[in-house]
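Fold and contact review
Chain by chain, the residues:
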Amino acid sequence: MVYIRFFTAVAWVLCLGHATVVSGQDSPKPVSNTYFIQNCTLISRPGVVQPGQHVLVRNGLITETGPNIKPPFDAQIIKADSMYVYAGFIDAASNTGIPKTENKDRPKAIIPGNPPNDVAGITPDVLASQLYKPADKSVSEMRNAGFTLSHTFPRGLMLPGQSAVYLLGDGVGDKLLLSDATAQHFQYETQRGVYPSTTIGVMAKFRDLYKNAQLAGNHEAMYKKAPTGLERPDYSRELQALYPAATGKQPIYVVAQKTKDVHRSMMLQKELGFQLVLMEVKQGWHYLNEIKQANFAVLLSLELPEEEKKEAKKDEGKESKSDAPVSSVEKDSFNLRKDLAVREYVQQAAAFEKAGIEFGFSFLNTKPGDARKAIGRMIKAGLSEKAALQALTTYPARLLGLASVAGTVEKGKMANLVLTDKPLFDEKAVIRMVFVDGKKYLPEMPVAKADKKSEEKSAIAGKWTYQMEAAGTVRRGTIDIQRKEGQYHIVVTDDAQKEKQEKARDISFKDGNLKFHVVTDLEQAGKVEFDLTFKDKRYEGTLSVASFGSFPVKGERQGDPE
Amino acid sequence: MAKISNRFILLLLLACSQISAQQVKKAVTGSFLLKNATIHTVTKGIVVGDLLMRDGRIADVGENLPNAADVTVVDCTGKHLYPGMIDGGSRLGLVEIDAVSVTNDFNEIGDFVPHMKALTAVNPNAVAIPVTRVNGVTTVFAKPDGGTFPGTGALIDLFGYSPEQMSCGAEFVVMRFPSTGRRGRWDRRTEEEQKKDAEKALQNINEIWEQARAYSRIDSAAAAEKSTYLTNQPQMDALLPVVRGKKSLFIEVNALQDIEKALEWVEKNKIKAVFMGVAEGWRAADKLAKAGIPVITGPVLNTPRRENDRYDAAYTNASKMSKAGVKVAIRTDNAENTRNLPFHAAFAAAYGLGKEEALKGVTLYPAEIFGVAADYGSIEKGKIANILVTSGDPFETKTRIEMLFIRGWNVPTESRQTLLYDEFLQRTPGIK
Amino acid sequence: MKTHVLIGVFLAATNVQAQNVLIKNGTVLTVTKGVMDKTDILITNGKIAGLEQNITVPAGYKVIDATGLHVMPGIIDAHSHIALDVVNEATNPVTAEVNVGDALDPMDVSIYRALAGGVTVSHAMHGSANAIGGQCETIKHRYGTVDPDKLRMDGAPRTIKFALGENPIRTHGEGSKIVPNTRMGVEQVFRESFRQAQVYMKDWDEYKKGIRKKAPDYSLRMETLADILKGNILIHCHSYRADEILMLMRVLKDFSVPKVCFQHVNEGFKVAPELKQFGASASVFADWWAYKFEVYYSTAYNAAILTRNGVTTSINSDSEELIRHLYHEAAKTQRYGDLTDEEALALITINPAKQLGIDNQVGSLEIGKDADIALFLGHPLSVYAIPQMTLVDGQVLFDIHTDPDDMRLDINPSDKYPAFYENDRQWHESSCMEGVSELLMGESYAKYMRFRYGTSHSH
């Protein structure tokens, strides 16, 4: 049994080429909208891990999950024996899909004390849904990192505008919109040189706008009822846009990175009474009690300070001139305090969990691809994996009012799924597949940069044969290694199926040791890893397929080195 | 209470009317015998006795000095005599009003202008000069500031009507060593950029130095052949005495890394150097002592330069350097408030330097550093008569400087600030 | 290791609320009630509860031996800009709506450095770029907390910054080509603003009475100005020249604003009788002058002349440097004008307390007042005095013997090492004009930058 499964796995990688390949640019449309994810480890919601589960996806919905369901005839079967299936991640706040605009210089003629609202960064009327571009690189970046929904805000300064929630598919933007004018966005960022140009100016202006939005909205309502004898309401698109937030009907997401920003934001909330969501919080641990008592929503930043690289032992005792501006004793005590400071930042998420405060993450300043690394550091610092997964799924679902349709893998919810080859928070886990709205996406693997030190002319460049033995079967083919612009390009071709060429990924070559893998896109997605050691004109090594084990492979050079 | 204040005001009125009846007070010279004073000689301890001034110099110091006919005798019983204080670095006389740029004469255009002479621009009638000297500061090193080689500073006495009358005959080229520090909170350069800027500046200095040495060689060769090397190189001419080791180069340097770099540079180029500022000298005290480079430090009344430094880092700096064996003079690095020199010295004294070393730091040591110890820095026979007659310790805030002698001139202890006091303490007319 | 252990202790200590302390056997300079030798101060729950000789130590009280030390009330600085993230909203000549209290920085190490100079209270002010600047915050130097609210002094009245003369003229007239470009313009900015506020109050009044149905626009700026007119906010006005000082008093009289404290007020000595008559107070530098034209005709005898003319006078710092030795600044009035010890000490204690409206709580050592106390080795008016210990609400927040060197509260986790600042030249008013862009600052600032750092930074 094992033998057959293994053979299948290897075989389709190398010979029985399928119509869809990763690198294929003209992907045909899927033959069916029904998928049967077979025999996976299902994490239906944070903390619930069940092996041997199947998930049936049909027409964008999760229609069934469980150990005993059968695949319908029209289902494309995804063999997920070694896979972990999670609910698609939800980005609780970001600028996903909003193209960056050039910073405009402020017009010279403007009186600094009274600029037009848009110059001052006051654009609460701007809607993210007017700006969202599904083809923007940030969308695929999010999706590749496992995110299936983004809560995205316009870019800007003090009041950049209102957010929208999008499914991170690649179709027409409007069709992917789940929720429009979801929240207002406020930050202490200013246009320098015009009012308000400072934090204190921004806060004063915010108070003014907030109260005037209330007054204007109330008057307008009164006017609508009985206009006769009433002064006409002044039209202001900004105040009109702020009315829902100023009457508590729309939350305001406030960027509050440092402890003083957190304090400031809570102070404004207390004064004015709006629905506060703290976002991009980096240093919020001083206010755990206050946040908990007021039940503020919190989105933590994933931008963590770097840990100081410990200096090599050999430098000790040597007086270094330029790097250490002070004596080693002073430097030590400084580093000690610094290390403690870094630790506090990394431990923030754990501190929130310990205090019983649920939270999500926001992505204004973090690349989604770096998220899991940062979360990994938080977990090492005491955050539970359950809380980490909540922050990526159930918490933002609830925050965005989507808990009934997203955030877990349950019957009836949107088919937003993430499939990984190892448990999510395992450092080596790779996201194999992402479902958005029932549509399957394969994340593009990053192309590893070759060791910079190795020369452009590599000793291993050229054509090589290969011969592998698996369970008594021998297969042969060629490996073509090229090096261009500091990077390796490797193509694997099986003799029995020469028209199918597999491109290698994650290539590294160091000290005669070449590693790469080939990814497949078939029913049983998986990665075939090569680990080869070169010596002169020959190499030997292993070939491994996830969970099946390793098998010997060897080969020799064809022709002359390039 | 009302009675007392009335009487007080009456007294004041009397005093004021006396003053207003007088003509402008002028300095007078001649021979003065200051009798029975407590004399703080700086070099020879504290003695009670007399001091005779003649021809602008200290003619004698001793007990019961004889009284000659032409001598004005001043009873100084209970009074203290100190040598006039010397500020080792100031812009006094080179600036009238900081923010009015046309009155700023310490910063010429150009990064390499060592030939710009401060003495030329010293305004003998600067309002701040009398304001300064009535606090006991009689001599300052007026220095240009700005670029890497901003010019040549001059040691001047704070009395006289022309730069020539004020000059102490000691002029030195000033250099600002490239700094790796931040220039202010608005300075957003990365650490790398700061370092790079400093390295580039140092490279520039090295090129200048190479040229200067070449110039010196050619100039010497020309002299040896008894011919004149006619050229237009005023900058290089200004550097000649430094290149030839005849004069010290006064180097402004503050951050630890820069001090270390400057020490290397000075050693490599075999330069006689004096370091100025030296804010982080306490972190390099032993190295400075080992190099034997004297230091003019200050302002003492200053904040720590780094966030994590102890609050009193600037107060204790002088003491820490001094204890390591560095010769430490004190400066204000100010212009209009050069008058606060005694207080800078006093804070250094309180925070470890001790009164004696602090007093030397504003008298004898700067005199030595500027090469004028034969004339300045202590109360000794033959030295120039820059003498303070005080009610006590001149560093102590409430002490008054009762009489002031500069080059033997009895200079009135009066300035525009005291005149405004006289005029406005009891303004006439008052409210009506 | 020592460092962070001590910091830990330090932080923990400041969280304790009630403080019970007995300061034994010091020379107590009460400021208002003379000097008391060998006297004990009993502090219960952060307040002064006893002030006499030989108090027995009650159980549970911490004892501080002050034998040989001078004990004075915590020093109060009526003009500073420490503990602030923002000083100037310099974009408009009138910014009454902004409040530096929104930008308090409890982690500013300058607070600790001020404590190390015996200063326990300061008036964190908006800058002087605008004729009507922002509202200010009177803070207690409770260093050790990260919570800005803990700095606020309960019971301190609201204050606001006004500014006359060169700074608003340079910022707006020269900088933005709008009024004020002269001292005439500065006057009209006040008059117009106050009239606008009167109209605003009338409009709202009519709305509230139902005469008008539509609410007028809400304006925090006008609300604040209205509060000034109602006498609910104390004005602290940056000023230098005699003429402009008289101008503001005329304006305030016309609008029936009863109180004003003039800040800097370098030419206050020229109009001391007028100040006295109006009831205005003065907060001055001990000896700063000549850094700009409007302070050229200054005298260090200013504080003495004002005091002798009956004007409530204080000496302030306006500087994170000067704030560390206000005791020395006050002593300068003994060199320049012969003030008595008590008069000189009042300049940095009870008088600034009066100017900030907090003299019922602080500013002297009296029973019932806050236990804000500074202990000195040597008389604080001696130049050799060294502050030993400073208490705020009975908590020891500076101790020369036990505090570690590094007293930062907020460590930037990406700092390689704290940067070295080349700030050797004390740029007067740097803090008053902090945050005003180089462009707006006009010639002098650019010139300064050029002087200091070569041509690359002038604009």
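Criteria and cut-off values
- Residues numbered from 1 in each chain as written.
- Chains lettered and ligands numbered in written order.
- Predicted model: local features only at pLDDT ≥ 70, side-chain atom pairs only at ≥ 80, totals over all residues.
- Heavy atoms only, no water.
- Helix = DSSP H or I, 4+ residues; strand = E, 2+ residues; numbered from the N terminus.
- Rg over C-alpha atoms; globule rule 2.2 N^0.38 Å.
- Buried < 20%, exposed > 50% of the residue type's maximum accessible area, 1.4 Å probe, protein only.
- Contact = heavy atoms within 4.5 Å.
- Areas by Shrake-Rupley, 256 points an atom, 1.4 Å probe, with all protein chains shown as cover.
- Lys, Arg positive; Asp, Glu negative; His and termini not counted.
- Charge placed at Lys NZ, Arg CZ, Asp CG, Glu CD.
- Buried area = accessible area lost by both parts, 1.4 Å probe.
- Salt bridge = Lys/Arg side-chain N within 4 Å of Asp/Glu carboxyl O.
- Nonpolar A, V, L, I, M, F, W, Y, C, P; charged D, E, K, R; others polar.
- Core = buried A, V, L, I, M, F, W, Y, C linked by side-chain atoms within 4.5 Å.
- Phe/Tyr/Trp six-rings, centres within 6.5 Å; stacked < 30°, edge-to-face > 60°.
- Lys NZ or Arg CZ within 6 Å of the ring centre and 35° of its normal.
- Pairing = 2+ DSSP bridges.
- Axes fitted to C-alpha atoms, helices over the stretch in contact; angles between N-to-C directions.
- Parallel < 35°, antiparallel > 145°, perpendicular 65-115°, else oblique.
- pLDDT = per-residue confidence, 0-100.
- Expected span 1.5 Å × (residues − 1).
- Patch = residues over 30% accessible without salt bridge, like charges linked within 9 Å, V, L, I, M, F, W, Y side chains within 5 Å.

**Some points on the overall build of chain B**
Within chain B, the secondary structure is distributed over 13 helices and 16 strands. A compact globule built from 432 residues should have a C-alpha radius of gyration of about 22 Å, and chain B, at 24 Å, falls within 12% of that. With the C-alpha coordinates aligned to their principal axes, the bounding extent of chain B is approximately 70 × 55 × 45 Å. The 432 residues of chain B split such that 60% are buried. A sequence separation of at least 24 residues applies to 67% of the contacts in chain B between residues at least 6 apart. Surface summary for chain B: the accessible area is close to 17700 Å², and the carbon and sulfur share equals 53%. Chain B carries 53 positive and 50 negative side-chain charges, and their two centres are separated by 2 Å.

**Looking at the overall build of chain A**
On a plain count of helices and strands, chain A comes out with twelve helices and 25 strands. Split into buried and exposed, the 562 residues of chain A put 52% on the buried side. The long-range share in chain A, meaning contacts at least 24 apart out of those at least 6 apart in sequence, stands at 64%. Accessible surface, chain A: about 26900 Å² in total, of which carbon and sulfur atoms supply 49%.

**Some points on the interface of chain B and chain C**
Taken together, the contact between chain B and chain C spans 77 residues of the former and 75 residues of the latter. Summing both partners gives a buried area of about 7700 Å² for chain B against chain C, and 51% of it is carried by carbon and sulfur. Applying the counting criterion to the chain B and chain C interface returns four salt bridges. In this structure, C:Asp338 and B:Arg400 form a salt bridge, with 2.7 Å as the shortest nitrogen-oxygen distance. Listing elements by their share of the side of chain B that touches chain C, those giving two or more residues are α3 (128-133), α10 (341-353) and α13 (416-424) of chain B. When its residues are assigned to classes, the side of chain B that touches chain C shows 29 nonpolar, 19 polar and 29 charged.

**A look at the nonpolar core**
Within the largest apolar cluster, 193 residues are counted, with the highest numbers of intra-cluster contacts made by B:Trp265, B:Phe275 and C:Phe190. When residues of this core are assigned to their parent elements, the largest contribution, nine residues, is made by α10(B). In contact with C:Phe190, other than residues within four places in its own chain, are C:Ala131, C:Ile132, C:Phe162, C:Ala163, C:Leu164, C:Met247, C:Leu248 and C:Val251. By size, the runner-up hydrophobic cluster in this structure holds 98 residues, among which are A:Phe147, A:Leu239, A:Val255 and A:Phe352.

**Things to note about the packing of aromatic side chains**
Two measures describe an aromatic ring pair: the distance that separates the ring centres and the angle between the ring planes. For the structure on display, the rule yields 57 aromatic pairs over all chains. Relative to B:Phe370, the ring of B:Phe250 lies with its centre 5.2 Å away and its plane at 15 degrees, an arrangement referred to as stacked. Of the two residues, B:Phe250 is situated in strand β10 (residues 249-253) and B:Phe370 in the loop between α12 (364-369) and β14 (387-390); the sequence distance between them amounts to 120 residues. Under the relative-accessibility criterion, B:Phe250 is labelled buried at 0%. Feature note: the residues A:Phe186, A:Tyr188, A:Phe206, A:Tyr210 and A:Phe274 constitute an aromatic cluster, connected by ring pairs. Positioned above the aromatic ring of B:Phe106, the side-chain terminus of B:Arg91 is 5.4 Å from the ring centre.

**Section: the sheet that holds strand β12 (residues 281-284) of chain C**
Residues and elements named next belong to chain C. One open sheet accounts for eight strands, arranged β6-β7-β8-β9-β10-β11-β12-β13; its pairing is mixed. Looking along the sheet, the strands with just one partner apiece sit at the ends: β6 (75-80) and β13 (313-315). Strand-to-strand twist of the sheet, defined as the mean angle between neighbouring strand axes without regard to direction, takes the value 25 degrees. When strand β9 (residues 158-163) meets strand β10 (residues 233-239), the two strands line up parallel, connected through six bridges. Note that in β10 the partner of alanine 163 across the bridge is histidine 238. Docked against the sheet, helix α5 (residues 220-229) engages β8 (132-140), β9 and β10, running at close to 100 degrees with respect to β9. Along the sheet, helix α6 (residues 242-254) contacts β9, β10 and β11 (260-264); its crossing angle with β11, the most-contacted strand, is approximately 160 degrees.

**Observations regarding the environment of C:Leu365**
Residue and element names in this part refer to chain C. Within the secondary structure layout, leucine 365 lies in the loop between α11 (350-356) and β14 (373-377). Owing to a relative accessible area of 0%, leucine 365 belongs among the buried residues under this scheme. Spatially, the C-alpha atom of leucine 365 lies 7.5 Å from that of leucine 29, the residues being 336 residues apart in sequence. If we skip the residues at most four places from it in the chain, leucine 365 touches Val28, Leu29, Thr30, Ile41, Ile48, Leu51, Val71, Met72, Pro73, Asp372 and Ile373.

**Thoughts on helix α9 (residues 326-335) of chain C**
Residues and elements named next belong to chain C. Burial within α9 is extensive, with ten of its ten residues counted as buried. Turning to α9, its buried residues are Leu326, Tyr327, His328, Glu329, Ala330, Ala331, Lys332, Thr333, Gln334 and Arg335. The first or second residue beyond α9 is glycine 337, which carries a positive phi of 125 degrees.

**Quick word on unusual backbone geometry**
All names here are of chain B. Looking along the chain, the bond that leaves glycine 298 and enters proline 299 is cis, with omega of 0 degrees. Residue position: proline 299 is located in the loop between β12 (295-297) and α9 (313-323). With an omega dihedral of -5 degrees, the bond running from threonine 428 to proline 429 counts as a cis peptide bond. The residue arginine 407 is not glycine, and still its phi comes out positive at about 50 degrees. With respect to the helices and strands, arginine 407 occurs in the loop between β15 (401-406) and β16 (409-411). Of the residues examined, arginine 407 reaches a relative accessible area of 22% and is grouped as partly exposed.

**Digging into the side chain of C:Ser281**
Take C:Ser281: it is sitting in strand β12. Discounting chain neighbours no more than four positions away, the residues touching C:Ser281 are C:Val260, C:Cys261, C:Phe262, C:Val311, C:Thr312 and C:Gln355.

**A word on the packing of helix α4 (residues 183-208) of chain C against α5(C)**
Residue and element names in this part refer to chain C. Interaxial distance between α4 and α5 falls to 9 Å at its minimum, and their mutual angle equals 100 degrees. On the basis of their axis angle, the class for α4 and α5 is roughly perpendicular. From α4, Ser193, Phe194, Gln196, Ala197, Gln198, Tyr200 and Met201 reach across to α5, where they touch Met222, Glu223, Leu225, Ala226, Ile228 and Leu229. Considered class by class, the residues forming the contact of α4 with α5 number nine nonpolar, three polar and one charged.

**What to know about the confidence of the model for chain A**
Residue and element names in this part refer to chain A. Mean pLDDT over chain A stands at 86; residues scoring 70 or higher make up 85%. In this model, residues 312-322 is a region of pLDDT below 50 whose contacts with residues beyond four sequence positions or in other chains number six contacts. Overall, residues 448-456 carries pLDDT values under 50, and its contacts beyond four positions in sequence, including any with other chains, amount to 16 contacts.

**Topic: the sheet that holds strand β10 (residues 184-186) of chain A**
Two orientations exist for strands paired in a sheet by backbone hydrogen bonds: parallel and antiparallel. Residue and element names in this part refer to chain A. An order of β10-β11-β12-β13-β14 is seen for the five strands of this open sheet, with the pairing classed as parallel. Strand pairing shows two members of the sheet lacking a second neighbour, β10 and β14 (360-362), which therefore form its edges. Strand-to-strand twist of the sheet, defined as the mean angle between neighbouring strand axes without regard to direction, takes the value 30 degrees. Note that strand β13 (residues 297-301) and β14 share three bridges and pair parallel. Bridging across to β14, leucine 299 finds its partner in glycine 360.

**Concerning helix α7 (residues 259-272) of chain A**
Residues separated by three or four positions in an α-helix point in the same direction, a consequence of the helix having 3.6 residues per turn. Residues and elements named next belong to chain A. A rise of 1.5 Å per residue sets the reference length of α7, with its 14 residues, at 20 Å; its end C-alpha atoms lie 20 Å apart and thus fit the reference within 8%. Listing the buried residues of α7 in full gives Thr259, Lys260, Asp261, Val262, His263, Arg264, Ser265, Met266, Met267, Leu268, Gln269 and Leu272. The first or second residue beyond α7 is glycine 273, which carries a positive phi of 85 degrees.

**What about the packing of helix α5 (residues 191-224) of chain B against helix α6 (residues 234-243) of chain B?**
Residue and element names in this part refer to chain B. Where α5 contacts α6, the axes come no closer than 9 Å and their chain directions differ by 85 degrees. By the angle between their axes, α5 is roughly perpendicular relative to α6. Along its contact with α5, which presents Ile208, Trp209, Gln211, Ala212, Arg213, Tyr215, Ser216 and Asp219, the element α6 presents Met236, Asp237, Leu239, Leu240, Val242 and Val243. Residues of the contact of α5 with α6, tallied by class, amount to nine nonpolar, two polar and three charged.

**Observations concerning a negative patch on the surface**
Together, B:Glu191, B:Glu192, B:Glu193 and B:Glu199 make up a region of like negative charge exposed at the surface. Inspection of the secondary structure puts B:Glu199 in helix α5.

**A short note on the pattern of salt bridges**
If you walk through the whole model with that rule in mind, you get 82 salt bridges over all chains. We note a salt bridge from C:Asp372 to C:Lys140, for which the minimum N-O separation is 2.9 Å. Of this pair, C:Asp372 sits in the loop between α11 and β14 while C:Lys140 sits in strand β8, and the two are 232 residues apart along the sequence. Neither residue differs from the other here; C:Asp372 and C:Lys140 are each classed as buried. In the salt-bridge network here, residues are joined through shared partners; they are B:Arg91, B:Lys143, B:Asp145, B:Arg176, B:Glu252, B:Arg331 and B:Asp333.

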